[in-house]
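# Per-entry structural report
The lines below spell out each chain.
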Amino acid sequence: MAAKKLRPVGIIKFFISSRTDSGVHAICNSAHVDIERTEGKPPFTEDILVQAMNHHLNPEPIKLLKAIRVFDNFHARYNALSRTYVYRVAVGCRYSDLPVFERHLCWAVDGGLNLATMHEASRFLLGKHDFTAFQSANSENAFKSPIKTLLKADITPSSGILVHQSQCRHLQFLDFTFKSKSFLYKQVRRMTGALVAVGLDRLTPQQLKEFLENKDPNHFLGNFVAPPDGLFLKEVEYEGIDF
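The name an unreviewed UniProt entry gives the protein is tRNA pseudouridine synthase, with Hymenochirus boettgeri as the organism. In its Catalytic activity (unreviewed entry) section, UniProt records this for the protein: "uridine(38/39/40) in tRNA = pseudouridine(38/39/40) in tRNA". UniProt, in its Sequence similarities (unreviewed entry) section for the protein, records the words "Belongs to the tRNA pseudouridine synthase TruA family."

Right, dumping it as structure tokens:
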């Protein structure tokens, strides 16, 4: 809608690198678009395009960070080398204990998490696997290969948004970081849910490994799907392009 206000020639269509389901956030995403101007008008410069789009996007919670002119055969989705997602977990608290600025931006897990067993379980997810057990029974997955290569599965301590506020200092946060060329629908949320279940001693690392090998999406994960609130698309990587 914002691009239409630039009065381009023809229909404007954005091809986005990664789609997220409702409730999921994006710190950074990328898309490509062809914008043709009327005869006699020069193409938008990169800076002018960013300024004009952000003007027309206001007050929506989305902002262009950068525009780069690319070759005609570039595709934001198919040329991506990898996508990195981060899932934020608040440990040992309930949703009602969260500061208002953290609500809908993390998953409050009421209980202590065993980091050692979660790290052990996360190693079983690394590498090339059939991730059928971690996919949603959704039409979006029907024609996608469940074979994915997970390049990163890290669990690291992190901080809250308002670390300087006294009511936030007692809270502990963990970042679950996953990197792959592509993911199945809800795969990251299911992997996070399974790892948290391991951390709560509801699953063992060996059980998670067996579920991965059994390739049955309905076997257990229905009870261990992390909510969308804590998931962020962090980075989309391309060869030779710095976003």
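### Description of the layout of surface pockets
Counted as a void, the largest pocket has a volume near 1600 Å³. If you trace the largest pocket, you find 42 residues lining it, with Phe14, Ser30, Ala31, Leu64 and Lys66 closest to the centre. It is helix α1 (residues 46–57) that provides the largest number of residues to the lining of the largest pocket, a total of 4 residues. The residue makeup of the lining of the largest pocket, split by class, is 26 nonpolar, 7 polar and 9 charged.

### A word on the side chain of arginine 189
Summarising the element assignment, arginine 189 is placed in helix α3 (residues 187–199). Arginine 189 sits in the buried class, given a relative accessible area of 9%. Contact partners of arginine 189, with chain neighbours within four places excluded, come to Asp21, Tyr87, Phe224, Val225, Ala226, Pro227, Pro228 and Leu231.

Rules used in this analysis
- Residues numbered from 1 in each chain as written.
- Predicted model: local features only at pLDDT ≥ 70, side-chain atom pairs only at ≥ 80, totals over all residues.
- Heavy atoms only, no water.
- UniProt positions renumbered as here; feature names shortened; annotations may be inferred.
- 1 Å grid on protein atoms, 1.4 Å probe; cavity = no way out; pocket = protein on both sides within 12 Å on 5 of 7 lines; lining within 4 Å.
- Points joined across faces, edges and corners; volume = space filled by probe spheres on them.
- Helix = DSSP H or I, 4+ residues; strand = E, 2+ residues; numbered from the N terminus.
- Nonpolar A, V, L, I, M, F, W, Y, C, P; charged D, E, K, R; others polar.
- Buried < 20%, exposed > 50% of the residue type's maximum accessible area, 1.4 Å probe, protein only.
- Contact = heavy atoms within 4.5 Å.

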